[in-house]
Amino acid sequence: MVKLSPSVLTSDFLTLKEIIPQFEASGVDMLHLDVMDGIFVPNISFGVPVIKSIKKHTNIPLDVHLMIDRPHRYIKEFAEVADWLGFHYEAGSDVAGLLKEIRALGCKSCLTIKPATAPEEIFEYLPLCDMVLVMSVEPGFGGQKFMPNSLPKLKALKAEAERQGLSIELEIDGGINAETAPLAVEAGATVLVAGNYIFSAEDIPATVKNIKSL
C-alpha cells in the first residue's frame, strides 16, 4: 500500500488543528512540511516554530522538505522537530556529509531533486538516503500541473536502488491527484505528496483512503 504525505502548504493553518485528527483517523503516514526561504525558491513559507507547534498536536511523522539555500546552516534546528528531513541536491551543500549528519541527529534522510536534475546525478548518494524525493513541479509554489517527465526518473531510481540492494522510499511531490497518483505508483513511487487534492476534498478521509489503496 502506498504511503501518503499531505502537504500543509495549501491548507488554512487556522483550521489545521481540526483537520489533523481526520488524518490520524484515516491512516495518513506523514505530514509534508515545505520550508521555503525566498532565496532557493522565490516564495517564503514557515520555519521551525510553526513545525514545532504542529508537532505538539500530532504523532504523525513529520516529513520536512527544506527548499532553502545552504541547508547545512539549519539542519540541527530542523532535526529537532522532524522525523524525515530532506534537502535539495541543487542547494549547494556537502550532500554526503549532510545526509550523514541528518541520520546522526536521529532523523531519516531524504535527498530531493528538481525537474531539471537527472536521477543519475544522485545515484552515488543512494546508500545514504532513507528516501529520495522527485519533484514533479518546480519547487516553490503549490497548485502546479504535474510534469510527466518525473515518471522515468522514478523508474530509474527504483532500478538503481534495486541494483545496489537498497530499500529506499521513493517520494513524489507536485500535481498529485486521482489521475496522476496511479501513474506515479506504477513508476515506482512509494510515498505520494498531495496538497490541493487533499485539502480541497469534500471528504478528506475518503480521499485519503482512495489514494492509499493504490
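Residues numbered from 1 in each chain as written. Predicted model: local features only at pLDDT ≥ 70, side-chain atom pairs only at ≥ 80, totals over all residues. Heavy atoms only, no water.

A. Expanded view of the overall build of the protein chain. Counting its secondary structure elements, the protein chain contains 8 helices and 8 strands. In terms of C-alpha radius of gyration, the protein chain reaches 16 Å, essentially the compact-globule figure of 17 Å for 214 residues. With the principal axes as the frame, the protein chain shows a C-alpha extent of 40 × 35 × 30 Å. Burial analysis of the protein chain (214 residues in total) assigns 52% to the buried set. For the protein chain, the proportion of contacts with a sequence separation of at least 24, taken over those separated by at least 6, is 62%. Accessible surface for the protein chain amounts to roughly 9500 Å². Of this, 52% is attributable to carbon and sulfur atoms. When the 19 positive and 28 negative side-chain charges of the protein chain are each reduced to one mean point, those points stand 3 Å apart. (Helix = DSSP H or I, 4+ residues; strand = E, 2+ residues; numbered from the N terminus. Rg over C-alpha atoms; globule rule 2.2 N^0.38 Å. Buried < 20%, exposed > 50% of the residue type's maximum accessible area, 1.4 Å probe, protein only. Contact = heavy atoms within 4.5 Å. Areas by Shrake-Rupley, 256 points an atom, 1.4 Å probe, with all protein chains shown as cover. Lys, Arg positive; Asp, Glu negative; His and termini not counted. Charge placed at Lys NZ, Arg CZ, Asp CG, Glu CD.)

B. Looking closely at the sheet that holds strand S8 (residues 191-194). Strand order across the open sheet formed by 8 strands is S1-S8-S7-S6-S5-S4-S3-S2, with parallel pairing between neighbours. Here the strands that pair on one side only, and so sit at the sheet edges, are strand S1 (3-6) and strand S2 (31-36). Neighbour-to-neighbour, the strand axes of the sheet open up by a mean angle of 25 degrees, direction not taken into account. Where S1 and S8 come together, 4 bridges link them in parallel fashion. Residue pairing in the sheet places Leu-4 in a bridge with Leu-192 of S8. (Pairing = 2+ DSSP bridges. Axes fitted to C-alpha atoms, helices over the stretch in contact; angles between N-to-C directions.)

C. A look at the packing of helix H5 (residues 150-163) against helix H6 (residues 180-187). Axis separation between H5 and H6 bottoms out at 8 Å; the angle between their running directions is 30 degrees. Considering their axes alone, H5 and H6 lie roughly parallel with respect to each other. Contacts between H5 and H6 pair Leu-151, Leu-154 and Lys-155 from the former with Leu-183, Ala-184 and Ala-187 from the latter. Taken together, the residues of the contact of H5 with H6 break down into 5 nonpolar, no polar and 1 charged. (Parallel < 35°, antiparallel > 145°, perpendicular 65-115°, else oblique. Nonpolar A, V, L, I, M, F, W, Y, C, P; charged D, E, K, R; others polar.)

D. Just the layout of surface pockets, in detail. Space inside the second largest pocket adds up to approximately 170 Å³. In this structure, the second largest pocket is lined by Phe-13, Leu-14, Leu-16, Lys-17, Ile-20, Val-50, Ser-53, Ile-54 and His-57. Elements supplying a minimum of two residues to the lining of the second largest pocket: helix H1 (16-26) and helix H2 (48-55). For the lining of the second largest pocket, a count of residues per class yields 6 nonpolar, 2 polar and 1 charged. (1 Å grid on protein atoms, 1.4 Å probe; cavity = no way out; pocket = protein on both sides within 12 Å on 5 of 7 lines; lining within 4 Å. Points joined across faces, edges and corners; volume = space filled by probe spheres on them.)

E. Helix H4 (residues 95-104), seen in detail. Within the sequence span of H4, burial applies to Val-95, Leu-98, Leu-99 and Ile-102. The buried residues of H4 all sit within an arc of 100 degrees when viewed along its axis, so they share a single face. Opposite the buried face of H4, at more than 90 degrees from it, the exposed residues are Lys-100 and Ala-104. On its buried face, H4 is in contact with helix H3 (75-79), strand S4 (84-88) and strand S5 (108-113). Gly-106, located one to two residues past H4, shows a positive phi value of around 95 degrees. (Arc of directions from axis to C-beta.)

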